[in-house]
Protein chains: 2
Amino acid sequence: MSDLITRLRRHQWRMTPQRRVIAETLDGAHVHYTADEILERACERMPEISRATVYNTLNEMVALGEILELNFDGRSKRYDPNAEHDHHHLICDGCGAMKDVHTVGDPLDWLPGDERHGFAVTEASITFRGLCPECQQAA
Amino acid sequence: MSDLITRLRRHQWRMTPQRRVIAETLDGAHVHYTADEILERACERMPEISRATVYNTLNEMVALGEILELNFDGRSKRYDPNAEHDHHHLICDGCGAMKDVHTVGDPLDWLPGDERHGFAVTEASITFRGLCPECQQAA
DNA sequence: ATCCTAGCTTAGACTTTGTCTAATGAAAGA
DNA sequence: TCTTTCATTAGACAAAGTCTAAGCTAGGAT
Ligand SMILES: [Mn+2]
Ligand SMILES: [Mn+2]
Ligand SMILES: [Zn+2]
Ligand SMILES: [Zn+2]
């Protein structure tokens, strides 16, 4: 299920131990770590890995189109290995839990022509918010 | 048309010259300045105003619910005086131009029950992207 | 009109997140 | 194995925002 590494191999991209550890950290469903969380996890397996390498590698993976860079809160960016299948996000206002979600139909259809200000609109990304099951209980 | 100041008066909120200048800078449609842009504009009318006051005042206005804090690019936050009417945003990938837009219908309806992961979903915000008329010409 | 006080403003130190640099190290083809 | 090119590293730097402690002021009380 190491899908991300398989995809990365397809590019001419020197595979170093550092890059492998970072890619393995990122692999999985509903994974949306910050650079710092990735560094922390990578350090458990490779204590000498540097912060600069984590940032370099993440930025390269984004440039290759194999991971997504997300900005939800204006604090740290989050990195999403699910770059293959278009999706949106659902975030818990209580604990920050974050899920990949899919809408019924194409969000571009929800923006009528007279609301487009002459733009050629090509993309829409949606952030849904609410309370996860655990946080609903707590409330 | 100084709508924001009118709204701010309704809260118990000491009206200082600094706060008035910041509120006046923010007033208007399709205004989405960064804190730094607001500081720059405020300084034209009140050169001694401090960066800390701009940040303090913006955070208070957000807490009062009279302006919105927006995060698009993971760089600086933007502040939106249009907090009364629900809306979304359309951004030009070329020049960064940003428009308020309205969808046909309620975005919460586009998220089916089996995509909600048990969350109580209360809000959706959409960022549309594309090219503005000027940037389409340039391309 | 003056006083008083809670709360506002200020400069600048500090924090967080991320980028850059220049020296060293190592992957991969010849 | 050798070589070249690209990757890694520590630490300096930068941008955006928060915090602190000292002085100032808006607006109510007298
Ligand atoms: Mn995702
Ligand atoms: Mn807006
Ligand atoms: Zn939660
Ligand atoms: Zn444009």
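Right above here is the structure, for reference.
Treat the numbers as computed from the prediction; the structure is a model and nothing was measured.

Draft legend 1. Just the relation of the copies chain B and chain A, in detail. For the match of chain B to chain A, the screw axis carries a shift of 0.0 Å, the RMSD comes to 0.1 Å, and the turn is 179°. Each copy turns onto its partner about a two-fold axis. Every residue of chain B has its C-alpha some distance from the rotation axis, and the shortest such distance is that of B:I126, at 2.2 Å. Interface overlap between copies is the fraction of interface residues in one copy that are interface residues in the other; for chain B against chain A it reaches 100%, indicating a shared surface.

Draft legend 2. Structural detail: the protein's contact with DNA strand D. Around DNA strand D lies a shell of 20 residues, among which A:T16, A:R19, A:T53, B:Y55 and B:K77 are the nearest. Sugar plus phosphate: this is where 70% of the atoms of DNA strand D within 4 Å of the protein reside. In the model, a phosphate oxygen of DNA strand D is placed 2.9 Å from a nitrogen or oxygen of the A:R19 side chain. A distance of 3.3 Å separates a phosphate oxygen of DNA strand D from a polar atom in the side chain of B:N59. When residues of the surface near DNA strand D are traced back to their parent elements, those giving at least two are α2 (17-26) and α4 (51-63) of chain A together with α4 (51-63) of chain B. Looking at the surface near DNA strand D, its residues break down into 6 nonpolar, 7 polar and 7 charged.

Draft legend 3. Representation of the sheet that holds strand β2 (residues 68-70) of chain B within the structure. Residue and element names in this part refer to chain B. Pairing is antiparallel across the open sheet formed by 3 strands, whose spatial order is β1-β3-β2. Each edge of the open sheet is held by one strand with a lone partner, namely β1 (33-34) and β2. Where β2 and strand β3 (residues 78-80) come together, 3 bridges link them in antiparallel fashion. Among the inter-strand pairings, L68 is bridged to a residue of β3, identified as D80.

Draft legend 4. Quick peek at the pairing of strand β5 (residues 98-101) of chain B. Residues and elements named next belong to chain B. Examined bridge by bridge, strand β4 (residues 88-92) and β5 share 4 bridges and lie antiparallel to one another. Residue pairing in the sheet places H89 in a bridge with D100 of β5. The antiparallel hairpin formed by β4 and β5 contains 5 residues in its connecting segment, where G96 sits at a positive phi of about 85°.

Draft legend 5. The arrangement of the packing of helix α3 (residues 35-45) of chain B against α4(B) in detail. Residues and elements named next belong to chain B. Viewed as axis vectors pointing N to C, α3 and α4 meet at an angle of 120°, and their least axial separation amounts to 10 Å. Accordingly, the angle class assigned to the pair α3 and α4 is oblique. Once α3 is placed against α4, the crossing between them reads as right-handed. In this structure, α3 contributes A35, I38 and L39 to the contact, and α4 contributes R51, V54, Y55 and L58.

Draft legend 6. Representation of helix α2 (residues 17-26) of chain B. All names here are of chain B. Listed as buried for α2 are R19, V21, I22, A23, T25 and L26. On its buried face, α2 sits against α1 (3-9), β1, α3, α4 and β3. After α2 finishes, the residue G28 shows a positive phi value of roughly 135°.

Draft legend 7. Representation of the coordination of the manganese ion (ligand 1) in the model. Residues and elements named next belong to chain A. The protein atoms donating to the manganese ion (ligand 1) are H32 (NE2), D80 (OD), H87 (NE2), H89 (NE2) and D100 (OD), with metal-donor distances spanning 1.9 to 2.3 Å. Donor residues binding the manganese ion (ligand 1) come from one chain and are separated in sequence as H-x47-D-x6-H-x1-H-x10-D. With a gap of 55 residues between them, H32 in the loop between α2 and β1 (33-34) and H87 in the loop between β3 (78-80) and β4 (88-92) connect regions that are remote in the sequence.

Draft legend 8. Representation of the packing of α2(B) against α3(B) in the model. All names here are of chain B. It is the contact of α2 with α3, at a shortest axis distance of 9 Å, that shows an interaxial angle of 120°. Our classification of the angle between α2 and α3 gives oblique. In this structure, the crossing between α2 and α3 has a hand that is right-handed. In this structure, α2 uses V21, I22, E24, T25 and L26 to contact α3, whose residues at the interface are I38, R41, A42 and R45. When its residues are assigned to classes, the contact of α2 with α3 shows 5 nonpolar, 1 polar and 3 charged.

How each quantity is defined
- Residues numbered from 1 in each chain as written.
- Chains lettered and ligands numbered in written order.
- Predicted model: local features only at pLDDT ≥ 70, side-chain atom pairs only at ≥ 80, totals over all residues.
- Heavy atoms only, no water.
- Least-squares fit on C-alpha atoms with pLDDT ≥ 70 in both.
- Contact = heavy atoms within 4.5 Å.
- Near = heavy atom within 4 Å.
- Polar contact = N/O pair within 3.5 Å; in protein donor to acceptor, adjacent residues only side chain to side chain.
- Helix = DSSP H or I, 4+ residues; strand = E, 2+ residues; numbered from the N terminus.
- Nonpolar A, V, L, I, M, F, W, Y, C, P; charged D, E, K, R; others polar.
- Pairing = 2+ DSSP bridges.
- Axes fitted to C-alpha atoms, helices over the stretch in contact; angles between N-to-C directions.
- Parallel < 35°, antiparallel > 145°, perpendicular 65-115°, else oblique.
- Left-handed = near helix turned anticlockwise from the far one by under 90°.
- Buried < 20%, exposed > 50% of the residue type's maximum accessible area, 1.4 Å probe, protein only.
- Donors = N, O, S within 2.8 Å, 3.2 Å for Na, K, Ca; no water.

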